[in-house]
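A structural walkthrough
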Amino acid sequence: MKASYRYILVCLLTLISSCSTSKFLHDDELLLDKVNVTADQPDISPMDLQTYIRQTPNARWFNLFKVPMRLYCLSSPNSDKGFSHFLQKIGERPVVYDSLKAEKTRQEMQKMVRNMGYMSAEVSVERQIRKNKIGIVYDIKAGKPYYVRHMAYDIHDLDIGSLIANDTIHSGIHNGMMFDVVALDQERTRIAKMLLNNGYFHFNKEMITYQADMTQDSDQIDLTMRIGPSEGHSQGEETHETFLVDDVMYVLESEENNRTDYDTVAVSGIKVLSKNDKYLRPNVVAEFNRIQVGKPYDESAVQQTYVSMARLKALKYTSVHFEEDTTRHPRQLRATAVLTKARNQ
């Protein structure tokens, strides 16, 4: 019995391997057979760069046989009906080499490797052609890595400068580290998040920039972080304003522009507006609220409020928005959260 299965398997593999892919290729086309990545630096992992490859060969079973492609090739290129249609549906069409995609892959790999600190890295495409098949090797010549010699700060807003200086223990940038564009961007995100949690309602990471100074014939880079002005302000007006939360109001499933017939209950410093259908008690809303009146705006408190309210089965979703009052100093924010009732309530 086992011998019969073995015989059938051998026959099937013989039939599949005998089919030709050339009938699905034009005269000027090549079947993409293999794609590999090589690097001359041990800390550059070819596996980590696989995601940048725009075109991959047909899938192999057990890393040996391109069974899906072979099944497809058993069909007729001039028919998409009957048994041919079945084979094309369960199979995989031969991958035709695309030089534009290969070049795009080369460019993205080179950019990524340079962002890792290998500023002079070059990536080349080596093509190995045999009959109507082509193998591609993306060869990375990384060169020497560059390192951060010194990190300086050029921040005109003294309050922001103080916050950043007091939080350098959490910084991902330090002297002597390999220059890494991803790490620099993560630092921008970290600082922007910290400032959003400390009252800087309008801050975003695009206001943070770096200047990199490289010394000729050296692998050292001096970095300077700068924080630009807020929106609507010109260079030289780098002071960013903070906002206090002056009022927090929750509306139980209501259009925000019509609250004349709502009952208002004040509890724990917030207001809860509702009609007759009080599917949430005001003290429950206050218990799950994380936005504090009289405190600086805190983005993390807003996100925690969303998470907290999502735990209430009575709610379908929560929407929080803020209105500014720029006539007072410090500037004030009024928070309005609309709670939409779940259908089963």
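Residues numbered from 1 in each chain as written. Predicted model: local features only at pLDDT ≥ 70, side-chain atom pairs only at ≥ 80, totals over all residues. Heavy atoms only, no water.

**Some remarks on helix α4 (residues 99-115)**
- A rise of 1.5 Å per residue sets the reference length of α4, with its 17 residues, at 24 Å; its end C-alpha atoms lie 24 Å apart and thus fit the reference within 8%.
- Packed against the buried residues of α4 are β1 (31-39), β2 (122-130) and β3 (133-141).
- Two or three places before L100, at the start of α4, stands the capping residue D98, its side-chain oxygen 2.9 Å from that residue's backbone nitrogen.
- Remark: G117 follows α4 within two positions and exhibits a positive phi of approximately 115°. (Helix = DSSP H or I, 4+ residues; strand = E, 2+ residues; numbered from the N terminus. Expected span 1.5 Å × (residues − 1). Contact = heavy atoms within 4.5 Å. Polar contact = N/O pair within 3.5 Å; in protein donor to acceptor, adjacent residues only side chain to side chain.)

**Remarks on the pairing of strand β6 (residues 220-227)**
- Across the eight residues that make up β6, a large majority, six, are buried.
- Where strand β4 (residues 147-154) lies against β6, seven bridges are found, and the strand directions are parallel. Bridge assignment links A152 to a residue of β6, and that residue is T224.
- Hairpin connection, strand β5 (residues 208-214) to β6: the antiparallel pair is bridged by five residues, and D217 has positive phi, about 60°. (Buried < 20%, exposed > 50% of the residue type's maximum accessible area, 1.4 Å probe, protein only. Pairing = 2+ DSSP bridges.)

**A look at the pattern of salt bridges**
- Under the definition given, this model contains 15 salt bridges.
- Two residues, D33 and R60, come together in a salt bridge whose shortest N-O distance is 3.6 Å. Taken together, the residues D33 in strand β1 and R60 in the loop between β1 and α2 (67-73) connect sequence positions 27 residues apart.
- R60 gets classed as partly exposed once you look at its relative accessible area, which sits at 32%.
- R114 is the partner of E122 in a salt bridge, and the nearest nitrogen-oxygen pair spans 2.9 Å.
- Each of the salt bridges in this network shares a partner with another, and the network as a whole consists of D185, R188, K205 and E206. (Salt bridge = Lys/Arg side-chain N within 4 Å of Asp/Glu carboxyl O.)

**Let's talk about the sheet that holds β1**
- Read from one edge of the open sheet, three strands run β1-β3-β2, paired in mixed fashion. Taken across any chain shown, the strands that pair with only one partner, and hence form the sheet edges, are β1 and β2. When the angles between neighbouring strand axes are averaged without regard to direction, this sheet yields 20°.
- For β2 and β3, the ladder comprises nine bridges, and the chain directions are antiparallel. Each bridged residue has a counterpart across the sheet, and for R130 the counterpart in β3 is K133.
- Packing against the sheet, α4 makes contact with β1, β2 and β3, and its axis sits at approximately 145° to β2. (Axes fitted to C-alpha atoms, helices over the stretch in contact; angles between N-to-C directions.)

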